[in-house]
Amino acid sequence: MSEQPLGSPDDAAGAPAGGLVSTPIDATVPMHEVGTVALSPTGDFEAGSYQTFTLVYTAGKFGIDDSGSIRICFRFASDQTRPQFENPTGPNFTTITASNDAVLQYHYDPKGNVRPWDRALYIKVVRGFLREGDTITVKLGDTSQGSPGMRLQTFCEESYEFHTLIDPIATYCYQPVPNQPTIRIVPGAPETYVAVAPTLRAVGETFSVKFKGEDKWGNPSDQCDRTFKLRANGPVDGMPASVSIQPGTRAVEVSGLSGSAAGDACIEFLDENGDVVTTTNPIRFADAPALKHYWGDLHGQSEETIGTGSADEYFRFARDLAFVDATGHQGNDFQITSPFWSELDDMCAHYDITGEFIAIPGYEWSGNTGLGGDRNIYFPDEGRTLRRSSHALVADRSDISTDCNSAAELFEALARDKEWDVVGYAHCGGRYADVKMAHDGRFEKSMEVHSSWGTFEWLVQDAFEMGYRIGIVANSDGHKGRPGASYPGASLFGAVGGLTCFLAPELSRDAIMESMRRRRHYATTGGHGGRMMIDVKANFTEAGTLYHDDPRNGPTDSQTSDSAMMGDIVHLPSGEVDFNIDIHAASPIERVDIFNGLDLIETVRPYTQEELGNRLRVMWEGAEYRGRFRQVIWDGTAHLSDNAIIEAKAINFFNRDKTLDIVSETELAWRALTTGNIGGFDVWVKDPYAGTLKIETPLVKAGVPLEEIGFEDEVFDQSDVLPRYLKIFRMPSENKHRTFSLTRRLELKSEGDNPIFIRLAQEDGTLCWTSPIYIYR
């Protein structure tokens, strides 16, 4: 009989499962020597569905010796339920048996194997052994005692692999079975619909609207079978009466549209009852705009490193299903082989088509935190040198002399070889960038404020503290094969991947790279509300000197100017500054914060105190620390006394297992987490000002009389290493303010930089940051 699993492999002979796996002996060993694996069932399975799989390993010529073992591994990015052995009614209850009754010991370790196959089910023969022909049977999601089964990962994959490794001679040297079992994970039925339009175009210029249905996990669905009527709120010509999307199609394009006059518009998609199902992002038509708005996600990975799906699928998804204008592949450098680097160059050249879609060559310099942390490197052309942080997972050491182990060495090498056209970003993923340790403004132009890993305003603040002149970007840093539309699924990734809007005269690689160099862009937290129209500008009562780039980094072009846009650097010895903000949001506007670097100058709202109603907003934000395990748990309850709850709505509850529930007419309960980003809920109450709202979470316990909840935030601050706080405030019962314009005369500091920028908060939980305008006296 098989034993119940023990807590650790250290309870028996052999190395711990967390140790590195040595290089396999030879993956071409004949099948009958290493053994075979059979999986049932196989075929297509819906993402996020519950299934049962039986995997049978049949021992080969060597069998498996006493203390030999098997590993069944899954990719790092996979978010399927973990195998567990204690609760037969819980998800992914797993049973494991040997045909000859050898005693087995097993456990699951999410870091139990070499990346990208980190997630490992470890099975060890601890008493007895296997001869050729003996079997070990693993039933993942055994439903015989009430388990719902194994929930599959929530994102699609053409070849989802049960990557099986064998240690037949008990040497802790694993060999892969020659033919790995695979299934195909496919999208489910559509739950929501998404329509994407360009943000700014010239009057009379033709454009397209792209449309798709998404399943409950955010996968573009191929099961759509509907016809929608179209209705424009604004000056749009060439629009058909309706559009259909058929089964087998994951996206459709409505082409030949144009703006007939200057102004703003949205296009609504209506069902057969005339109800609005979805609306495009705002579109602005202008007479001969000098710069247009193009959206990009320049940071993600594919299966050749630690992501999902092939690099080719990655580029096609960004273009055809996420509807972004530009993307870049940013594989971990220590996993990029020289052949794959060449393949990436070829793919960028293939997919980069001026006016249609831009693919930017580059990689992620993935240095250890103590050596500077993660950076993104972008090139304007193919054929550039890959300067890795290490060769950790690259066996070919013939080019190890080009390695740059620290961020400082990387910048030094770029300067030595005069690669002044390279653009770098600092970001926080698993490793975080320490820009106080290493930064070079000649190359590193922006800080990535948001990704699927969370929100990292502290990275921008670090740069301000050091006096750097940087832009602000957001990307997905996605690992699930969905660049430009990267949802967190069921994992501890607590955020939707971000997007950056580039301001450029045309859609070309050179133009996007120039936008990156000059910091002419704004960053959003992405999602359905993540494509808003923003324009900020500074006007001066006396002319200043506007620089093409930071003059502290060396000679640069300059011009006399009485205005500046986001990203500009201006020397203004005298004169006043009028700061202009113009927003057309994709969701009603909650607030706009105006900053001068680290200082919050003012918070403005589009509504007045007189518009406040019976809606209370509770928001939380925070991260534990800068490294990988930064999650803050906000599970909690809200109790309302002497009043009643009419309705409640969750904000940024991205993980399907995190829910907001109305327990009774006076109580709410929820499960939630943040990784530096924001979340919360709205609650509408029967009497706007009666009773007390009592909140209980692991960090904050507070009670506030409703008559004291008003226009300003009531903040409960539990910050430690990083901000962690909860705030409560009142909003209009229905907020209809999607547009906002404002001019403010700003008082500048006489010493140092004045980095002027805004942070927009939309009602749907989307945030946006504009790159600062740098003004100095």
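Residues numbered from 1 in each chain as written. Predicted model: local features only at pLDDT ≥ 70, side-chain atom pairs only at ≥ 80, totals over all residues. Heavy atoms only, no water.

Visitor: Before we move on, could you go through unusual backbone geometry and cite the residues and values that matter?
Guide: With an omega dihedral of -5 degrees, the bond running from serine 40 to proline 41 counts as a cis peptide bond. Arginine 115 connects to proline 116 through a cis peptide bond whose omega is 10 degrees. Topologically, proline 116 is positioned in the loop between β7 (103-109) and β8 (119-127). At lysine 418, a position not held by glycine, the phi torsion is positive, near 55 degrees. Assignment of secondary structure puts lysine 418 in the loop between α4 (407-416) and β30 (423-426). (Helix = DSSP H or I, 4+ residues; strand = E, 2+ residues; numbered from the N terminus.)

Visitor: How would you sum up the nonpolar core? Please name residues and give values.
Guide: In terms of nonpolar packing, the biggest core is built from 64 residues, with Ile581 and Ile583 touching the most fellow members. Residues Ala474, Phe493, Ile569 and Leu612 belong to the second largest nonpolar core, which totals 40 residues. (Core = buried A, V, L, I, M, F, W, Y, C linked by side-chain atoms within 4.5 Å. Buried < 20%, exposed > 50% of the residue type's maximum accessible area, 1.4 Å probe, protein only.)

Visitor: Give a description of the sheet that holds strand β14 (residues 182-186) that names residues and reports values.
Guide: Read from one edge of the open sheet, three strands run β2-β14-β11, paired in mixed fashion. Only two strands of the sheet have a single neighbouring strand rather than two, namely β2 (44-46) and β11 (157-161). Pairs of neighbouring strands in the sheet enclose a mean axial angle of 40 degrees, with direction left out of account. In the sheet, β2 pairs with β14 via three bridges, with the strands oriented parallel. (Pairing = 2+ DSSP bridges. Axes fitted to C-alpha atoms, helices over the stretch in contact; angles between N-to-C directions.)

Visitor: Go over a nonpolar patch on the surface with me, naming the residues and quoting the values.
Guide: A contiguous nonpolar surface patch, about 350 Å² in accessible area, is contributed by Tyr625, Phe629 and Val721. On the secondary structure map, valine 721 appears in the loop between β52 (714-717) and β53 (724-732). The exposure class assigned to valine 721 is exposed, which follows from its relative accessible area of 57%. (Patch = residues over 30% accessible without salt bridge, like charges linked within 9 Å, V, L, I, M, F, W, Y side chains within 5 Å. Areas by Shrake-Rupley, 256 points an atom, 1.4 Å probe, with all protein chains shown as cover. Salt bridge = Lys/Arg side-chain N within 4 Å of Asp/Glu carboxyl O.)

Visitor: Pulling in residues and values, what's your account of the pairing of strand β50 (residues 692-696)?
Guide: Strand residues, when the strand is regular, have side chains that alternate between the two faces of the sheet. Only one face of β50 is covered, namely the face carrying Leu693 and Ile695; the face carrying Thr692, Lys694 and Glu696 is uncovered. As paired strands, strand β44 (residues 636-640) and β50 are joined by four bridges and run antiparallel to one another. Looking at the pairing, threonine 637 lines up with glutamate 696 of β50. Bridge analysis of β50 against strand β51 (residues 701-705) gives five bridges, and the strand direction is antiparallel. Looking at β51, one finds that lysine 694 is bridged to glycine 703. What sits between β50 and β51 in their antiparallel hairpin is a turn of four residues.

Visitor: How would you summarise the pattern of salt bridges if you had to cite specific residues and measurements?
Guide: Scanning the model with the defined rule gives 53 salt bridges in all. Glutamate 303 is the partner of arginine 75 in a salt bridge, and the nearest nitrogen-oxygen pair spans 3.9 Å. In this pair, arginine 75 is assigned in the loop between β5 (69-74) and β6 (94-98) and glutamate 303 in the loop between β25 (292-297) and α2 (311-320), connecting sequence segments 228 residues apart. By relative accessible area, which is 27% here, glutamate 303 ends up partly exposed. Between glutamate 158 and arginine 184 there is a salt bridge; the shortest N-O distance is 3.1 Å. Residue glutamate 158 is located in strand β11, and its partner arginine 184 is located in strand β14; the two are separated by 26 residues in the primary sequence. Residue glutamate 158 is classed as partly exposed on the basis of its relative accessible area, which comes to 45%. Among the residues examined, arginine 184 registers a relative accessible area of 30% and is labelled partly exposed. Beyond isolated ion pairs, a larger network of salt bridges with shared partners links Glu590, Arg591, Arg605, Arg615, Arg617, Asp682, Asp713, Lys727 and Glu763.

Visitor: Lay out the side chain of serine 310 with the relevant residues and their values.
Guide: Along the polypeptide, serine 310 turns up in the loop between β25 and α2. A residue is classified by how much of its surface remains accessible, and serine 310, at 19% relative accessible area, is buried. Look past the residues within four positions of serine 310 in its chain and what remains in contact with it is Ser302, Glu303 and Glu304. (Contact = heavy atoms within 4.5 Å.)

Visitor: How would you explain helix α3 (residues 338-351) if you had to name every residue and give the values?
Guide: Over its 14 residues, α3 extends 20 Å from the first C-alpha to the last, a length consistent with the 20 Å expected when each residue adds 1.5 Å. For α3, the full list of buried residues reads Phe340, Trp341, Leu344, Asp345, Met347, Cys348 and Tyr351. Around the axis of α3, the buried residues are gathered within 165 degrees of arc, so they sit on the same side. In α3, the exposed positions that point more than 90 degrees away from the buried face belong to Pro339, Asp346 and His350. Taken together, the buried residues of α3 touch α2, β27 (358-360), β28 (362-365) and α6 (509-517). (Expected span 1.5 Å × (residues − 1). Arc of directions from axis to C-beta.)

Visitor: Break down the environment of glycine 248 for me, citing the residues and quoting the values.
Guide: Position of glycine 248 relative to the elements: it lies in the loop between β20 (242-245) and β21 (252-259). As a C-alpha pair, glycine 248 and methionine 437 span 189 residues in sequence and 51 Å in three-dimensional space.

Visitor: How would you explain the packing of α2 against α3 if you had to name every residue and give the values?
Guide: Between α2 and α3, the shortest axis-to-axis distance is 10 Å and the interhelical angle comes to 25 degrees. Put simply, α2 runs roughly parallel to α3. Where α2 crosses over α3, the two elements pack in a sense that is right-handed. Facing Ala311, Asp312, Phe315, Arg316 and Arg319 of α2, the residues of α3 in contact are Phe340, Leu344, Met347, Cys348 and Tyr351. (Parallel < 35°, antiparallel > 145°, perpendicular 65-115°, else oblique. Left-handed = near helix turned anticlockwise from the far one by under 90°.)

Visitor: Help me get a handle on the side chain of arginine 617, residues and values and all.
Guide: On the secondary structure map, arginine 617 appears in strand β42 (residues 612-622). At a separation of 2.8 Å, a polar atom in the side chain of arginine 617 contacts the main-chain carbonyl oxygen of glutamate 763. (Polar contact = N/O pair within 3.5 Å; in protein donor to acceptor, adjacent residues only side chain to side chain.)

Visitor: For the sheet that holds strand β45 (residues 645-651), give the residues involved together with the corresponding values.
Guide: Across the sheet, which stays open at both edges, the five strands sit in the order β45-β49-β42-β53-β52 with antiparallel pairing between neighbours. The sheet terminates laterally at β45 and β52, the two strands that pair on one side only. Strand-to-strand twist of the sheet, defined as the mean angle between neighbouring strand axes without regard to direction, takes the value 15 degrees.

Visitor: I'd like to hear about the packing of aromatic side chains, residue by residue, with values.
Guide: Going through the model one piece at a time under the given rule, you end up with 30 aromatic pairs. What links up through ring pairs into an aromatic cluster is the set Phe45, Phe53, Phe74, Tyr160 and Phe162. Geometry around tyrosine 174 places arginine 71 over its ring, the cationic atom sitting 4.4 Å from the centre. The positively charged end of arginine 605 is found above the aromatic ring belonging to phenylalanine 711, 4.7 Å away from the centroid. (Phe/Tyr/Trp six-rings, centres within 6.5 Å; stacked < 30°, edge-to-face > 60°. Lys NZ or Arg CZ within 6 Å of the ring centre and 35° of its normal.)

Visitor: Describe the environment of glutamate 303, and please don't skip the residues or the numbers.
Guide: Along the sequence, glutamate 303 and glycine 752 sit 449 residues apart, while their C-alpha atoms lie 46 Å from each other. Look past the residues within four positions of glutamate 303 in its chain and what remains in contact with it is Arg75, Glu157, Thr308, Gly309 and Ser310.

Visitor: Tell me about the environment of alanine 638, residues and numbers included.
Guide: Here alanine 638 is to be found in strand β44. Spatially, the C-alpha atoms of alanine 638 and glycine 68 are 53 Å apart, while their sequence positions differ by 570 residues. Residues within four places of alanine 638 in sequence aside, it is in contact with Thr666, Glu667, Leu668, Trp670, Phe681, Leu693, Lys694 and Ile695.

Visitor: Kindly report on helix α5 (residues 457-465), identifying the contributing residues and their values.
Guide: Within α5, seven of the nine residues are buried, leaving the element largely enclosed by the surrounding structure. Regarding α5, the residues found buried are Glu457, Trp458, Leu459, Val460, Asp462, Ala463 and Phe464. Two residues or fewer past α5, glycine 467 is found with a positive phi of approximately 80 degrees.

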